[in-house]
Amino acid sequence: MSSNVLLNQPNFYPPPDICLPTVNNPLIIAGVIVSIILTILAVGIIIVISRACARKARKAIVQGLQAAVAPPLVNIVQVWEVDAPTMEKFFQEIAKEKPVRYTVQQSCKLHC
C-alpha cells in the first residue's frame, strides 16, 4: 500500500531559486569580459574592412558600366556627322527606285 501512495502523489520539486548563481572566481569574470570586448572589436574590424572593400568595388563597377554604356559624347557627335549624309543618300536612292512586283508563282519560287 505504501508503493501505491507514492505513485499517486504528484512529484515534488523544490521551488526554483530566484537569485542567479554567482561566480566568485575573478579569473572567470575577467575572461568573460575580455572575450566580449575582443568579439566586439573583431566585429567592428570586419565591418570597417568590408565597407572599404565595398567602396572600392562600387567605384570600379560604376566606372566600368559608364565606359560600357555611355561612350564619350565627342564620339557620338562624330559618328552622327559622318553617318547622316550616308543615310540620307541611301533613303533618296530607295525613293528613286521603282517598286518591284512579283506574282504569286515568282514569290513562291523565291521563298520555297
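Rules used throughout
Residues numbered from 1 in each chain as written. Predicted model: local features only at pLDDT ≥ 70, side-chain atom pairs only at ≥ 80, totals over all residues. Heavy atoms only, no water. Helix = DSSP H or I, 4+ residues; strand = E, 2+ residues; numbered from the N terminus. Areas by Shrake-Rupley, 256 points an atom, 1.4 Å probe, with all protein chains shown as cover. Expected span 1.5 Å × (residues − 1). Polar contact = N/O pair within 3.5 Å; in protein donor to acceptor, adjacent residues only side chain to side chain. Patch = residues over 30% accessible without salt bridge, like charges linked within 9 Å, V, L, I, M, F, W, Y side chains within 5 Å. Salt bridge = Lys/Arg side-chain N within 4 Å of Asp/Glu carboxyl O. Lys, Arg positive; Asp, Glu negative; His and termini not counted. Charge placed at Lys NZ, Arg CZ, Asp CG, Glu CD. Buried < 20%, exposed > 50% of the residue type's maximum accessible area, 1.4 Å probe, protein only. pLDDT = per-residue confidence, 0-100.

### Points about the overall build of the protein chain
Inference 1: Of the regular secondary structure elements, the protein chain holds four helices and zero strands.
Inference 2: Sequence-ordered secondary structure for the protein chain, helices as α and strands as β, is α-α-α-α.
Inference 3: As displayed, the protein chain offers around 11400 Å² of accessible surface, 69% of which is attributable to carbon and sulfur atoms.

### Description of helix 2 (residues 26–69)
Inference 1: Taking 1.5 Å of rise per residue, the 44 residues of helix 2 would be expected to cover 64 Å, and the 64 Å separating its terminal C-alpha atoms lies within 8% of that figure.
Inference 2: Of the residues that open helix 2, the one with a side-chain oxygen 3.2 Å from the backbone nitrogen of leucine 27 is asparagine 25.

### Notes on a positive patch on the surface
Inference 1: On the surface, Arg51, Arg55, Arg58 and Lys59 cluster together into a positively charged patch.
Inference 2: With respect to the helices and strands, lysine 59 occurs in helix 2.
Inference 3: Residue lysine 59 is classed as exposed on the basis of its relative accessible area of 60%.

### Re the confidence of the model for the protein chain
Inference 1: In the predicted model, the protein chain carries a mean pLDDT of 76, and 64% of its residues have values of at least 70.
Inference 2: When mean pLDDT is compared element by element in the protein chain, helix 2 scores highest at 90, while helix 1 (residues 2–8) scores lowest at 51.

### Some details on a nonpolar patch on the surface
Inference 1: On the surface, Ile29, Ile33, Val34, Ile37, Leu38 and Leu41 cluster together into a nonpolar patch covering about 540 Å² of accessible area.
Inference 2: Within the secondary structure, valine 34 is located in helix 2.

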